[in-house]
Every structure is written in structure tokens, then in C-alpha cells.
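Notes for the structure review
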Amino acid sequence: QAKANGRGTWCFYGSEMDKRLHERRNREDELRQAIAEGQFEAYYQPRYLSKDMSINGAEALLRWHHPSRGLLLPEHFIPLAEETGLIVQLGEWVLREACFEAASWADDLVVSVNLSPLQLRVGDLYQMIVSALGDSGLPANRLELEITETALLQENESTLGVLNRLKSLGLRLAMDDFGTGYSSLSNLRKYPFDMIKIDGSFVTGMSHSNESHSIVKALIDLGHGLRMRVTAEGVETLEQLNLLLADGCSELQGFHMSHPLPATELNALLNSTRPRDETKQ
Ligand code: C2E
Ligand code: MG
Ligand code: MG
Ligand code: MG
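What this report covers is the structure whose coordinates are included nearby.

So, how was this worked out
Residues numbered from 1 in each chain as written. Chains lettered and ligands numbered in written order. Predicted model: local features only at pLDDT ≥ 70, side-chain atom pairs only at ≥ 80, totals over all residues. Heavy atoms only, no water. Salt bridge = Lys/Arg side-chain N within 4 Å of Asp/Glu carboxyl O. Helix = DSSP H or I, 4+ residues; strand = E, 2+ residues; numbered from the N terminus. Buried < 20%, exposed > 50% of the residue type's maximum accessible area, 1.4 Å probe, protein only. Near = heavy atom within 4 Å. Polar contact = N/O pair within 3.5 Å; in protein donor to acceptor, adjacent residues only side chain to side chain. Nonpolar A, V, L, I, M, F, W, Y, C, P; charged D, E, K, R; others polar. Expected span 1.5 Å × (residues − 1). Arc of directions from axis to C-beta. Core = buried A, V, L, I, M, F, W, Y, C linked by side-chain atoms within 4.5 Å. Contact = heavy atoms within 4.5 Å. Axes fitted to C-alpha atoms, helices over the stretch in contact; angles between N-to-C directions. Parallel < 35°, antiparallel > 145°, perpendicular 65-115°, else oblique. Left-handed = near helix turned anticlockwise from the far one by under 90°. Donors = N, O, S within 2.8 Å, 3.2 Å for Na, K, Ca; no water.

**Comments concerning the pattern of salt bridges**
This structure, assessed with the given rule, holds twelve salt bridges. One salt bridge in this structure joins glutamate 16 and arginine 20, with 3.6 Å as the shortest N-O distance. One end of the pair is glutamate 16 and the other is arginine 20, both in helix α1 (residues 2–37) and four residues apart, which spans about a single turn. When the shortest N-O distance is used, the salt bridge between arginine 24 and glutamate 83 registers 2.6 Å. Here the residue arginine 24 occupies a position in helix α1, and glutamate 83 occupies one in helix α2 (residues 78–84), the gap between them amounting to 59 residues. For arginine 24, a relative accessible area of 32% translates into the label partly exposed. On the accessibility criterion, glutamate 83 (54% relative accessible area) is exposed. Overlapping salt bridges, with partners in common, bring together Arg47, Glu144, Arg229 and Glu251 in one network.

Given below as C-alpha cells:
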């Protein structure tokens, strides 16, 4: 009797495990195939300068045109890509794509690309970036890399060296999702960041919570005090925008100004807000 129960339980458990492993392997194969077949697209979300609300750059954000599930946001595939290491290939794809795209923009516009922690640790990130810049013709000072604090927590000895070498090429470094990690303050001095991006969760709270507003103000002052630029992410309302302008935040990004857009739509927006003859002076 006991043996039969035990056996029954084991069989059930075993098949559940098999099923999960099987699903995971399928999803991994799907992702691998999607990279090979070019099912990804980079969208671009404009970033605005507070002083005149002009666009001074855009952030590349990955989208997956899944053959049966439709357009997928990063939350549905970046975690698996990171677990499987496929983010290294996917990250190279998006970086090259963004460099080639930005090379066609007006020459004062910067493209920001997100780097995954793994990309800092495996492969030759420096050489990959040098090639992307060289092949696309994008000057290094028009590329910005966004790195989260979490990525720096998992650092090995060479992370600082890699970031310093990248900086010496002339590109820019931004600390992404600032305020949500653990080691922000020491990292701000240790690493050569040009900009901090205040996480959208603080911005969301600022119009109804004094505490969130205080945090945002403190982060803006901290960044500017360290002679860095500060971007507020996730600006969704006019009220938030006005508070951020009053607090002196230098740059802004969010749905209130623009959602992430396909490259052609971004180009249309750039052409309508910055006529060609005005951008080259
Ligand atoms: P992130 O780098 O912090 O990007 C900002 C996210 O906030 C984007 O989500 C953007 O669409 C969203 N967002 C912008 N404005 C607003 C707003 O006003 N309200 C709200 N609620 N959200 C706003 P998305 O595109 O879903 O990307 C999510 C995250 O996925 C990114 O966060 C980034 O960490 C990661 N990711 C996206 N593309 C890449 C990539 O190419 N490589 C890597 N490694 N990670 C990426
Ligand atoms: Mg980012
Ligand atoms: Mg962010
Ligand atoms: Mg984020």
C-alpha cells in the first residue's frame, strides 16, 4: 500500500518536472530560433531636455514579434535570455541595430542601449562595441550604455577596467533604474558614470506621496552635485513633468512625452519636431 502511494507520488512529481523542463527547453529553442530568424525589433523612446523640451536622444528597447503570441515586451523574454546566456547574442544584435539606426539621425542625437549584467562578464564587450561603432560609422560620443546597479553588484575584478576602457573611447555611461539597487552611492564615485536615470517607480509616486517626491529631489541633487546629468524615467503625467521641471531635473523620458516607437515612427517624430535644415547649423 505505502509503496504504491510513494510510487504514485513519485511518478506524478517526475512527470511534472519533465513537463517543466520540456517547456523550458522549448522556450529556449524558440528564443534561439527567434534570434537566428530576426524576429526582434528595436523600438526607440525619445528623451527630452528640460531646458526646451527638445529631443536629445532615444533609448533602444527590445520587442519580439513572436510568431504566435504577438508583440512581446522584454519582461516576457529578457529573464530567459539572461538565464540561458542568449542575452549575449541578443545584446550584440540590439547594440549593432541601434548604432546603425542612430548613424542616420541628426548628429547631435544620442542612442542609449541597455546592457545586461552578463554582457559585462562574458565575451569581449569592448571589441564588440568597437566593431559596432566602426561598422555603423556612429561616433562613440553618440552612444550611451545603460547599466543597472545590479550589474555592478555581480562585478568581477575587470568590470571597472572594462567600463574605464569604454569611457576612454568617448562613449557615455548611464546608471539605470537608480535608487532600486543596493550599492548606489559608492558605485557613483567608483565608476565613470555620466548620468543617472531615476527609476520610474519614484516618479510614479511623486505626485501623491511626499516621501517619493523627497527621494526624487534628493536623487536629482545628488546626481547634479556629482556633476552628472539626471534623467527621470516613467514621466506619465503633466503634474509629474511640472514637478520634475521645478526640481531642476535635466532630462526626461516617459509616456507623457512619447511611448517607445518603431524606428520609422521615431524618424517621423524627429522630422516633424526638428526640420532637417534646423538641425544642421
Ligand atoms: P529600462 O531600461 O529601465 O527601460 C524603461 C522601461 O520603462 C521601458 O520598458 C519603457 O517602455 C518603460 N517606460 C517608459 N516610459 C514609461 C512611462 O511613462 N510609464 C511606464 N509605466 N513605463 C515607461 P520596456 O521596454 O518594457 O523594457 C523593460 C526593461 O527591459 C528595460 O527597463 C530594460 O531593463 C530591459 N530591456 C529592454 N530592452 C533591452 C535590451 O535591449 N537589452 C537588455 N539587456 N535589457 C533590455
Ligand atoms: Mg534603460
Ligand atoms: Mg530604467
Ligand atoms: Mg528597468
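**Here we look at the site of ligand 1**
Around ligand 1 there are 21 residues in total, and Arg63, Asn114, Asp176, Glu236 and Phe255 lie nearest to it. In the environment of ligand 1, a nitrogen atom lies 3.2 Å from a nitrogen or oxygen atom belonging to the backbone of leucine 62. Between asparagine 114 and ligand 1, the recorded distance is 2.8 Å, taken from a side-chain N or O atom to an oxygen atom. A per-element tally of the shell around ligand 1 places strand β2 (residues 55–66) first, with four residues. Counted by class, the shell around ligand 1 contains nine nonpolar, five polar and seven charged residues.

**Let's talk about helix α3 (residues 87–102)**
Taking 1.5 Å per residue as the helical rise, α3 with its 16 residues ought to reach 22 Å, and the 22 Å between its terminal C-alpha atoms agrees with that figure. Taken together, the buried positions of α3 are Ile87, Leu90, Gly91, Val94, Leu95, Ala98, Cys99, Glu101 and Ala102. Relative to the axis of α3, the buried residues are bounded by an arc of 165 degrees and lie together on one face.

**Considerations on the nonpolar core**
In terms of nonpolar packing, the biggest core is built from 75 residues, with Tyr44, Ile129, Leu143 and Leu244 touching the most fellow members. Considering each element in turn, this core owes the most residues, seven residues, to α3. Non-local contacts of leucine 244, meaning those with residues more than four positions away in its chain, are made with Val203, Met206, Val216, Ile220, Ala232, Val235, Cys249 and Leu252.

**Some remarks on the packing of helix α5 (residues 125–136) against helix α7 (residues 158–169)**
Interaxial distance between α5 and α7 falls to 10 Å at its minimum, and their mutual angle equals 20 degrees. On the basis of their axis angle, the class for α5 and α7 is roughly parallel. In the packing of α5 onto α7, the handedness of the crossing is right-handed. Contacts between α5 and α7 involve Leu125, Tyr126, Ile129 and Val130 from the first element and Val162, Arg165, Leu166 and Leu169 from the second. Looking at the contact of α5 with α7, its residues break down into seven nonpolar, no polar and one charged.

**Observations regarding the coordination of the magnesium ion (ligand 2)**
Where a metal carries four tetrahedral donors, each ideal angle is 109.5 degrees; where it carries six octahedral donors, the ideal angles are 90 or 180 degrees. Donor atoms from the polypeptide that bind the magnesium ion (ligand 2) are Glu59 (OE), Asn114 (OD1), Glu146 (OE) and Asp176 (OD), placed at 2.0 to 2.2 Å. Mapping the donors of the magnesium ion (ligand 2) onto the primary sequence yields the spacing E-x54-N-x31-E-x29-D. In this structure, the magnesium ion (ligand 2) lies 4.1 Å away from the magnesium ion (ligand 3), the two metals sharing aspartate 176 as a donor. Separated by 117 residues along the polypeptide, glutamate 59 in strand β2 and aspartate 176 in strand β6 (residues 172–178) bring together distant segments of the chain. When its relative accessible area of 5% is taken as the criterion, aspartate 176 is described as buried.

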